[in-house]
Amino acid sequence: MVISGAASAESLDILQPSNLSHEMVLEMEEGYGLLKSGFAMANISDEQMAFLTKEWYNSVLARIRINAFRIELAVGSYEDLLSSAAACIEAEAAVGNAVYMLPSLYNHDCDPNAHIVWIDNADAQLKALCDVEEDEELRICYIDASMDHDARQSFLLQGFGFKCNCLRCLSGD
Ligand SMILES: C[S@@+](CC[C@H](N)C(=O)[O-])C[C@H]1O[C@@H](n2cnc3c(N)ncnc32)[C@H](O)[C@@H]1O
């Protein structure tokens, strides 16, 4: 997992954290315990690790959980990005996960007008999927939009912690 560019840990604060279920908090507490004991075994002093409080750790993970992108490299050209991206998913070509500050601000839509793509390297690029009006919000799709309404809603609620209010979901499609 990388936080792209020269972003400082504090700059994560501007990102929205996900709503954490009780299970997620328990999972994080376990991870925090393991991390602390790993540092203790490596003889890293408490003083050096003073920043690593449970609250700090949980708040960083809560932000990473909802804002991280799964990078799928589309090797090739812009010509046929969608089939290239589909081929990538099929080939399980994910090369990692990363948080990008600006792309983290894009909301989700089950019928998106934009798409994040990676061409040859891990620089996130935004590609419009249709003509976009001047004041229109750019919205990307966080999940597989081919799922039906109930599956999408449940996936977004369980995985991302929100009830989708996009036009497609509101129309019941
Ligand atoms: C990655 S952030 C997107 C940017 C965020 N709106 C902000 O202001 O920083 C994801 C969060 O935005 C909100 N969100 C994004 N898409 C949404 C949608 N289709 N319906 C409802 N809430 C959505 C949810 O609160 C979700 O947890």
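In case you missed it, the structure is sitting above this.
What you are looking at is a predicted structure, and each value in this text was computed from that prediction instead of being measured.

Parameters and conventions
- Residues numbered from 1 in each chain as written.
- Predicted model: local features only at pLDDT ≥ 70, side-chain atom pairs only at ≥ 80, totals over all residues.
- Heavy atoms only, no water.
- Helix = DSSP H or I, 4+ residues; strand = E, 2+ residues; numbered from the N terminus.
- Buried < 20%, exposed > 50% of the residue type's maximum accessible area, 1.4 Å probe, protein only.
- Contact = heavy atoms within 4.5 Å.
- Areas by Shrake-Rupley, 256 points an atom, 1.4 Å probe, with all protein chains shown as cover.
- Near = heavy atom within 4 Å.
- Polar contact = N/O pair within 3.5 Å; in protein donor to acceptor, adjacent residues only side chain to side chain.
- Nonpolar A, V, L, I, M, F, W, Y, C, P; charged D, E, K, R; others polar.
- Pairing = 2+ DSSP bridges.

(A) Expanded view of the overall build of the protein chain. For the protein chain, the helix and strand inventory stands at 5 helices and 7 strands. From first element to last, N terminus to C terminus, the protein chain shows the α and β order β-α-α-β-α-β-β-β-β-β-α-α. A buried classification covers 31% of the 173 residues belonging to the protein chain. Long-range pairs, those at least 24 residues apart, make up 65% of the contacts in the protein chain with a sequence separation of at least 6. Total accessible area on the protein chain stands at roughly 10,900 Å², and carbon and sulfur atoms take up 54% of it.

(B) The site of the ligand, seen in detail. Surveying the vicinity of the ligand reveals 14 residues, the closest of which are Q16, I66, N107, H108 and N165. Q16 is positioned with one of its side-chain polar atoms (N or O) 2.7 Å from an oxygen atom of the ligand. Between a nitrogen atom of the ligand and a side-chain N or O atom of N107, the distance comes to 2.7 Å. When the ligand sits alone it has 560 Å² of accessible area, and the protein chains cover 79% of it. Across the shell around the ligand, the residue classes break down as 6 nonpolar, 6 polar and 2 charged.

(C) Region of the structure containing the pairing of strand β5 (residues 114-119). Among the 6 residues that make up β5, 5 are buried, leaving the element largely enclosed by the rest of the structure. Relative to β5, strand β2 (residues 68-74) runs parallel, the two sharing 2 bridges. Within β5, the residue paired with A74 across the bridge is I119. When β5 meets strand β6 (residues 124-128), the two strands line up antiparallel, connected through 5 bridges. Bridge assignment links H115 to a residue of β6, and that residue is K127.

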